[in-house]
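Listed below, chain by chain, are the residues.
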Amino acid sequence: MNKKAGKRGRIASKVILHVLLVISAFIMIFPFIWTILSSLKDMSQIFVIPPKWIPDPFVWSNFPNSLQAMPFDLAYLNSFYITAIIVAFTLLTASMAAYAFAKINFKGANVLFILFLATMMIPKQVTMIPLYLVMDNLGWLDTHLTLIVPGALFNAFAVFLLRQFVMGIPKELEEAAIMDGAGFVRIYWNIILPLIRPALAAIGIFTFMQSWNNFIDPLIYLNTPENFTVPLLLNSFKGLYTADWSLMMAGTVISVIPVLVVYIVAQRHIIEGISITGMKG
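(A) How the structure looks around the pattern of salt bridges. Summed over all chains, the structure comprises 3 salt bridges. With a shortest N-O distance of 3.4 Å, K103 and E174 are connected by a salt bridge. Highlighted residues: K103 in helix α4 (residues 72-103) and E174 in helix α9 (residues 171-179), separated in sequence by 71 residues. The pair K103 / E174 is uniform in exposure class, with both members buried. One salt bridge connects K124 with D217, and the closest N-O pair in it is separated by 3.1 Å. A residue pair is termed long-range when its members are at least 10 positions apart, and K124 in helix α6 (residues 124-138) and D217 in helix α12 (residues 216-221) qualify at 93 residues. For D217, a relative accessible area of 15% puts it in the buried group.

Here you go:
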């Protein structure tokens, strides 16, 4: 009797848990569903009270019209090459720093790493003005260097995540490589990098999504429409007094496609990289 009651209790708890997960998932995905539905509506249907969820009629022309209204092809090109450079250099610099902090014993390593991590607690709003002045003095305002250089050369979260992974690599591998005459560069390139591929994949995907969706930095540094990225270009649909929400929603759906493709294709690497990293060190 007790066994049956216990089994029923476990089944009931699982059902409740799954119901809560489904409700939570719906709450999180609802804004995206609303965006997709709004992208297929006429402007007059978007803010109707009570809400009209299903478009009537489906305005498929919003998508080509949004592409024609703004230079989306140039904005896509800007976002792609900026994001690609940031991802590539982040993986290189973060993995090198992670290897140094995890495996190379040098004076003040722990103190330097703690100070490095402390930068994660500094709000972005605190560094906006100083960084803007630096970019102005360098003559980089209204260029893509203002987005590429800070994003590619400094990522404390990536260094922290990769360091935890590198710390789990057995020392015997390094000792064997040193006995064969390998130096730091060869150990890093031939041993460390191949063994941390799952973590590199996770960091690469996170960095891609962060860079692709970055809005505040282009808003601060870029003024010329030819230099705009996709998120900043979407903001151009908003006028001084009105906004073309139908075209904006259609453009938003188009802009999300690369992120969705990358995440769907590489979600296994995200889960693997994060789970394995959590068990390291």
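(B) Main features of the packing of helix α8 (residues 156-167) against helix α11 (residues 197-212). The contact between α8 and α11 brings their axes to 10 Å, and the two run at 165°. Compared by their axis directions, α8 and α11 come out roughly antiparallel. In the packing of α8 onto α11, the handedness of the crossing is right-handed. For the pair formed by α8 and α11, the contact residues are F157, A158, L161, L162 and F165 on the first element and P198, A199, L200, I203 and F206 on the second. When grouped by side-chain class, the residues that make up the contact of α8 with α11 number 10 nonpolar, no polar and no charged.

Rules used throughout
Residues numbered from 1 in each chain as written. Predicted model: local features only at pLDDT ≥ 70, side-chain atom pairs only at ≥ 80, totals over all residues. Heavy atoms only, no water. Salt bridge = Lys/Arg side-chain N within 4 Å of Asp/Glu carboxyl O. Helix = DSSP H or I, 4+ residues; strand = E, 2+ residues; numbered from the N terminus. Buried < 20%, exposed > 50% of the residue type's maximum accessible area, 1.4 Å probe, protein only. Axes fitted to C-alpha atoms, helices over the stretch in contact; angles between N-to-C directions. Parallel < 35°, antiparallel > 145°, perpendicular 65-115°, else oblique. Left-handed = near helix turned anticlockwise from the far one by under 90°. Contact = heavy atoms within 4.5 Å. Nonpolar A, V, L, I, M, F, W, Y, C, P; charged D, E, K, R; others polar.

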